[in-house]
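Overview (structure and organization)
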Protein chains: 2
Amino acid sequence: MTSDKQQHEILFQPSGRRIIVDRDVNLLIAAQRCGVDLVAACNGVGICGACKIRVINGPVSPLSGAEKNLLSQSELDDGYRLACCTVPSGDVLIEIPKSSLPFGQRLQIDGQEAPLEPEPIVFPVDVKLEGPGLTDLRSDLTRVNQFLKTKGIEEIHGNLHTLGALSISCRKNNWETRLVLRKNETGTQLIASLPPKTPLIGLAADLGSTKLALYLVNIEDGTTLASMGVMNPQIVYGEDIVSRIAYANEGEANRRQLQVRLVETINESISELCITAGVDKGQIVDAVFVGNTAIHHFFTGLPVRQLGETPYVPALSDPVDYEAYEIGLEIAPGALVHMPAIIAGYVGADHTAALLSTRIMNNRHIRVLVDIGTNTEISLVTNKKVFTCSTASGPAFEGAHIRDGMRAAPGAIEKVVIKEGQPIFTTIDNEAPIGICGTGILSAIAELIRTGVINKMGQLDTENPRVSKFNGKNAYLLAKSDETGHGREILITRNDINEIQLAKGAIRTGIEVLLETAAINAEDVNDWVIAGAFGTFLDISSAMRISMFPTLPIERFHQVGNAAGMGAKQLLTSHHQRDIAQNLTKDIKYIELTVYPEFTKLFLQSLYF
Amino acid sequence: MTSDKQQHEILFQPSGRRIIVDRDVNLLIAAQRCGVDLVAACNGVGICGACKIRVINGPVSPLSGAEKNLLSQSELDDGYRLACCTVPSGDVLIEIPKSSLPFGQRLQIDGQEAPLEPEPIVFPVDVKLEGPGLTDLRSDLTRVNQFLKTKGIEEIHGNLHTLGALSISCRKNNWETRLVLRKNETGTQLIASLPPKTPLIGLAADLGSTKLALYLVNIEDGTTLASMGVMNPQIVYGEDIVSRIAYANEGEANRRQLQVRLVETINESISELCITAGVDKGQIVDAVFVGNTAIHHFFTGLPVRQLGETPYVPALSDPVDYEAYEIGLEIAPGALVHMPAIIAGYVGADHTAALLSTRIMNNRHIRVLVDIGTNTEISLVTNKKVFTCSTASGPAFEGAHIRDGMRAAPGAIEKVVIKEGQPIFTTIDNEAPIGICGTGILSAIAELIRTGVINKMGQLDTENPRVSKFNGKNAYLLAKSDETGHGREILITRNDINEIQLAKGAIRTGIEVLLETAAINAEDVNDWVIAGAFGTFLDISSAMRISMFPTLPIERFHQVGNAAGMGAKQLLTSHHQRDIAQNLTKDIKYIELTVYPEFTKLFLQSLYF
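Not measured: the values here are computed from a predicted model. (Residues numbered from 1 in each chain as written. Chains lettered and ligands numbered in written order. Predicted model: local features only at pLDDT ≥ 70, side-chain atom pairs only at ≥ 80, totals over all residues.)

With that settled, the discussion passes to the overall build of chain A. In terms of helices and strands, chain A carries 17 helices and 27 strands. The C-alpha atoms of chain A give a radius of gyration of 27 Å, which matches the 25 Å a tight globule of 609 residues would have. Sorting the 609 residues of chain A into buried and exposed places 54% on the buried side. Look at the contacts in chain A between residues 6 or more apart in sequence, and 68% of them connect residues 24 or more apart. (Helix = DSSP H or I, 4+ residues; strand = E, 2+ residues; numbered from the N terminus. Rg over C-alpha atoms; globule rule 2.2 N^0.38 Å. Buried ≥ 20, exposed ≤ 12 C-beta atoms within 10 Å, placed from the backbone. Contact = placed C-beta atoms within 7 Å.)

Opposite the 38 residues of chain A that make contact, chain B presents 38 residues. When residues of the side of chain A that touches chain B are traced back to their parent elements, those giving at least two are α4 (140-150) and α5 (160-172) of chain A. It is α5(A) that contributes the most residues to the side of chain A that touches chain B, six residues altogether. Its residues assigned to classes, the side of chain A that touches chain B shows 18 nonpolar, 13 polar and seven charged. (Nonpolar A, V, L, I, M, F, W, Y, C, P; charged D, E, K, R; others polar.)

A separate point is the relation of the copies chain A and chain B. For these two chain copies, the linking operation is a rotation about an axis paired with a shift along it. When chain A is brought onto chain B, the operation consists of a screw motion whose angular component is 180 degrees and whose axial shift is 0.1 Å, with 0.2 Å RMSD remaining. With respect to symmetry, the two chain copies, as superposed, fit the operation of a two-fold axis. Ranked by how close their C-alpha atoms come to the rotation axis, the residues of chain A are headed by Thr186(A), at 3.0 Å. In this assembly, 100% of the residues forming the interface of chain A have copies in chain B that are likewise at the interface, indicating an isologous arrangement. (Least-squares fit on C-alpha atoms with pLDDT ≥ 70 in both.)

Take the confidence of the model for chain A next. This prediction gives chain A a mean pLDDT of 90; 96% of its residues lie at or above 70. When mean pLDDT is compared element by element in chain A, strand β13 (residues 284-291) of chain A scores highest at 98, while strand β2 (residues 17-22) of chain A scores lowest at 80. (pLDDT = per-residue confidence, 0-100.)

Helix packing for two helices is described by the angle between their axes and how far apart those axes are. Residue and element names in this part refer to chain B. Relative orientation of the contacting elements helix α4 (residues 140-150) and helix α5 (residues 160-172) amounts to 80 degrees, with a least axis distance of 10 Å. Classified by the angle their axes make, α4 and α5 are roughly perpendicular. Contacts between α4 and α5 involve Asp140, Leu141 and Val144 from the former and Leu163, Leu166, Ser167 and Cys170 from the latter. Per-class residue counts for the contact of α4 with α5 are five nonpolar, one polar and one charged. (Axes fitted to C-alpha atoms, helices over the stretch in contact; angles between N-to-C directions. Parallel < 35°, antiparallel > 145°, perpendicular 65-115°, else oblique.)

Strand order in the open sheet made by the four strands is β6-β8-β9-β7 (chain A), with mixed pairing throughout. Looking at which strands have only one partner, the edges of the open sheet turn out to be β6 (122-128) and β7 (156-157) of chain A. (Pairing = 2+ DSSP bridges.)

All names here are of chain B. For α4, the full list of buried residues reads Asp140, Leu141, Arg143 and Val144. Mapping the buried residues of α4 onto a view down its axis gives an arc of 160 degrees, with all of them on the same face. Pointing more than 90 degrees away from the buried face of α4 are the exposed residues Gln146, Lys149 and Thr150. Following α4 by one or two positions, glycine 152 adopts a phi angle in the positive range, close to 75 degrees. (Arc of directions from axis to C-beta.)

Residues and elements named next belong to chain B. Running from N to C, helix α10 (residues 349-357) and helix α16 (residues 575-586) cross one another at 110 degrees; their axes reach a closest spacing of 10 Å. When the axis of α10 is compared with that of α16, the two are roughly perpendicular. In this structure, α10 crosses over α16, and the sense of that crossing is right-handed. Mapping the contact onto sequence places Thr352, Leu355 and Leu356 in α10 and Gln577, Ile580, Ala581, Leu584 and Thr585 in α16. Each residue belonging to the contact of α10 with α16 can be placed in one class, and the counts come to five nonpolar, three polar and no charged. (Left-handed = near helix turned anticlockwise from the far one by under 90°.)

Residue and element names in this part refer to chain A. Between its first and last C-alpha atoms helix α11 (residues 438-450) spans 18 Å; for 13 residues at 1.5 Å apiece the expected length is 18 Å, and the two agree. A large share of α11 lies buried, amounting to eleven of its 13 residues. All of the buried residues in α11 are Gly438, Thr439, Gly440, Ile441, Leu442, Ser443, Ala444, Ile445, Ala446, Glu447 and Leu448. Downstream of α11 by a residue or two, glycine 452 has a phi angle that is positive, lying close to 80 degrees. (Expected span 1.5 Å × (residues − 1).)

On to the sheet that holds strand β8 (residues 176-184) of chain B, then. Residues and elements named next belong to chain B. The mixed open sheet is built from four strands, whose spatial order is β6-β8-β9-β7. Each of the sheet's edge strands pairs with one partner strand only, and the pair in question is β6 (122-128) and β7 (156-157). Summarising the sheet, β8 and strand β9 (residues 187-194) pair through seven bridges and their orientation is antiparallel. In the strand pairing of β9, asparagine 184 is matched with glycine 187. Lying over the sheet, α5 contacts β8 and β9, oriented at roughly 50 degrees with respect to β9.

You can see Tyr237(A) is positioned in the loop between β12 (224-231) and α6 (241-249). Separated by 25 residues in the primary sequence, Tyr237(A) and Leu212(A) have C-alpha atoms spaced 16 Å apart.

Take the pairing of strand β25 (residues 527-531) of chain B next. All names here are of chain B. Most of β25 sits out of view: four of its five residues are buried. Here five bridges tie strand β16 (residues 367-371) to β25, and the two strands are oriented parallel to one another. The residue of β25 that forms the bridge with aspartate 371 is alanine 531. Taken together, the four bridges between β25 and strand β26 (residues 557-561) define a ladder with parallel strand orientation. Counterpart to valine 529 in the pairing with β26 is histidine 558.

This part takes up the environment of Leu27(A). Residues and elements named next belong to chain A. Considering the arrangement of structural elements, one finds leucine 27 in helix α1 (residues 27-33). Each C-alpha atom, one on leucine 27 and one on glutamate 483, is 31 Å from the other, the two residues being 456 residues apart in sequence. Ignoring any residue separated from it by four or fewer positions in sequence, one finds leucine 27 in contact with Ile10, Ile53, Ala83, Thr86, Pro88 and Ile94.

Before going further, it helps to spend a moment on unusual backbone geometry. Pro311(A) follows Thr310(A) through a cis peptide bond whose omega is 5 degrees. With a phi angle near 55 degrees, Asn430(A) is a residue other than glycine that sits in the positive phi range. Mapped onto the elements of the fold, Asn430(A) is located in the loop between β20 (422-427) and β21 (435-436). Located in the positive-phi region is Asn174(B), a residue other than glycine, with phi close to 55 degrees. Inspection of the secondary structure puts Asn174(B) in the loop between α5 and β8.

Attention now moves to the pairing of strand β3 (residues 52-57) of chain A. Sheet topology places β3(A) next to strand β4 (residues 80-82) of chain A; three bridges connect them, and they run antiparallel. By the bridge assignment for β4(A), Ile53(A) is matched with Arg81(A).

Written out as structure tokens, the structure reads:
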């Protein structure tokens, strides 16, 4: 079966993509090269076990030690391999199972919106001119500026793209055109020249490590015309930020690739949103992008190396306005992309936007904002100060690093109740279970704690009939092989419990450090605002039971969904909010957890259930 | 010989370039596609006869009527064809004769320089910082800005490129870096971050229709480090501006191609200049580009269609400062490219620069500036006003449209004296004559007028033993076939004389219209400043003899060389000169010749010798 050819053809199903690669290229690299999105949480070093694939046909390298450890016997029997450990030795046909694809999962992008009077930063001016003649040889720009002067508007300036487009639009529309302008320190800037009466559209976006949320908004009346959530395509280069920075550090081409893939995906999404809303890309005359610091730097092409090295400082932290074409965004080329201030290396402009949209700093009641994601940012607002920290909660809540973990896609167990010793679960879309998502594992562990199957240390009760050894370690049998969609059992292993302990422990430590710094008791915090996609579906009781949050009356918790995305929308429609956001970050005291004296002690305490 | 293949391979010699083209593609298009620069004065419509090539081998389409008219019998015998009229019908080997290649000719780029105190618009600030630590998490930009504040410099802002480069330079140079800054209306702009003590370099350029002149200057002390002249690569798409605009109008890809070719050639020249001067491209932190209006628009990507249609108005006429990376120039990506004001559709920023460098408006003596090129711009300065016009003198002075015309390359006849009825000529580099360049034809015609062989109407004396019929029209035998380098005779035909009449008539008409408008006699003009490459080599006596200029004492004429290039250098080293240039254009009254009431009458008069 093995071929002597120097190159092999790889066919990936179900996408049907093909690629020809040199004989020493593994399947993960091949998938990345041909744009097949495959989860690679550890960036291909063979430790996360996320990049499971099935070899349907064709010769491949022998099983590695890593695969023997990370794959179950039934998976091995079914031809499952890890893409990062598997090198074809001839033409092969590969199936990517649903659980390894970062697609199709529930992408929560909505959030609570506060009503806001639209005050867009750009404004339209309709001009109707006499064209040039042999006795009127003024340049197009001079002609427009002299018209604007008669309307009391100061002269406009623009860039190469907008000034060229002005000439073209004037001639195309018979010297009647809608100018989109923006006042700035140097005068009035030309953003776009549109046909008469064109409505002005804006784009708001929240760029998460895992997910991109995009919103198309009519900035004149504030209505959202279309919105969508898509996977961050960078995920194929590493599920967490640290892996992506490591990938970028391998060379300028890699860093650039991460930028290009991100911008490409955003451009594709813009096209889809425009079709949905029935508008033209050129009508998008303003944009606001928020995101964590690393994604902010990736998106704008800033260096990221220093974000991967202590003390993790950003290249810049002030709010920025970049021209869309500089970044490669396919909207009106003169549109400016506003990105609000960054708070710290791991507290990005997305948290600024979340603080804004939740109005959490509007009056100084004692409140906490927890924005849960791969990194969780936490702010504690007191009547004196605002303290903020960031904590690496990791991708466990997204189902990564969990034996049967998966994203919140159809077939994922999302809720577990244990009745008379038997687990009863519900799955997303009621499909036969194929894995367990973040909310599901939280729910399962909370129930196992409640019923005493797991103790405070996270140890499983070996007396329980559903607990037995798998690969030498204790595990709880959540679903038997005949109950699942793929015919393999679904387990909660000691290792899974440990991952959740680390994740929730990180969040709890952040909360405790902030409380201690501000000298406030958890009981004195009246509002707990829980934001983020995972935070939307989170069962608060389960979260309290596993001690992610302090045990408090449940009505003190408010789940607000994608607060960062809502903040981006508010920044888009109101320039007043941009000023508020800028002032707001000035009041924040950032607490670096790793240098906090009591950190280790608090973290060890927080691991307990 | 003829092949039935759908595609043919064409090999161009002496460059050795090959291309495979579809069977209906003519040799001019094929040459353009594979980057073989071939003069195409009429943009390939078969009327200029400039794109002469020789078919060495292989089958081609039959001779066209145009070729029978435009090529001599001896040329036809030698296998000469016009590339635009010749379609291969199989694989062919083509020779491009020296006279059809826009290379190797004398490129005059020097000019008279007035001494000037350097006052560059950018300035260096050397910073030495403490790097970040766990208790100092300021972003790189914040760190730099807070340092600058201690030095009394306000905070800097930048674009994506400069801000990213700042972080990288700080880390690479151990937090010691030389910032290059520029004050503008919004504060202080970051141009570049260089290693400590790096000298600051600037680039000045004059973009002509035919020729690009580039100068690398140390902007701190004003010295010119290197300079060079290269052909404008757009020449292969049409020798004159009108042909290039027509080519651009065929589609956006064509317009873009003209821009890209130009920027590519400039970037290659920058690399060469940097090697010569021993500096790095990233040190070029400021640039000034001048050029005629069309080249200005091509270079900056502005639309050009309106420049090819009456009333020929520019898209913009104000001075502009564009970021180098926007244009694609490979210098410091934050460097700004300054382009001074445009006066009119056919009086560009190059004339603004020429007016500046000649100081012609400094005191209001009555003076004339004639900047001779494919378009000739003329300014008349009086004690009250400045009048400027543009006149299409055409490429005849460059040797185009002339039967044996060629550019000022080795082997071109450049001076003719008639002694005892016999022409005595000198050639460039003393090579055997292969054609006649612009100064040569002027010299020859002036001598033929002096000796009565040509009368005031331009008619040849058929009694002269060297005058006889060629292709049914009178021509003067300048060099016999046994005297030339290519074995064919060199003639001055009635048609050549006519072309020169049109060219010099256009210039003279422009002068006369300005004098008439200002109500001034030619005798009252004390200074005649003659600029431009052709103007450098021009024999003023010959020019007066053919009535290009009024007959006046020769000491009133001053040949200043590339005044536009010198102006670009002055604008580069002195921001004060930029203000002067901007004010200077405000005083100019542009005279559109085509609507001048007496234009036709004056033009007909100006045709006489």
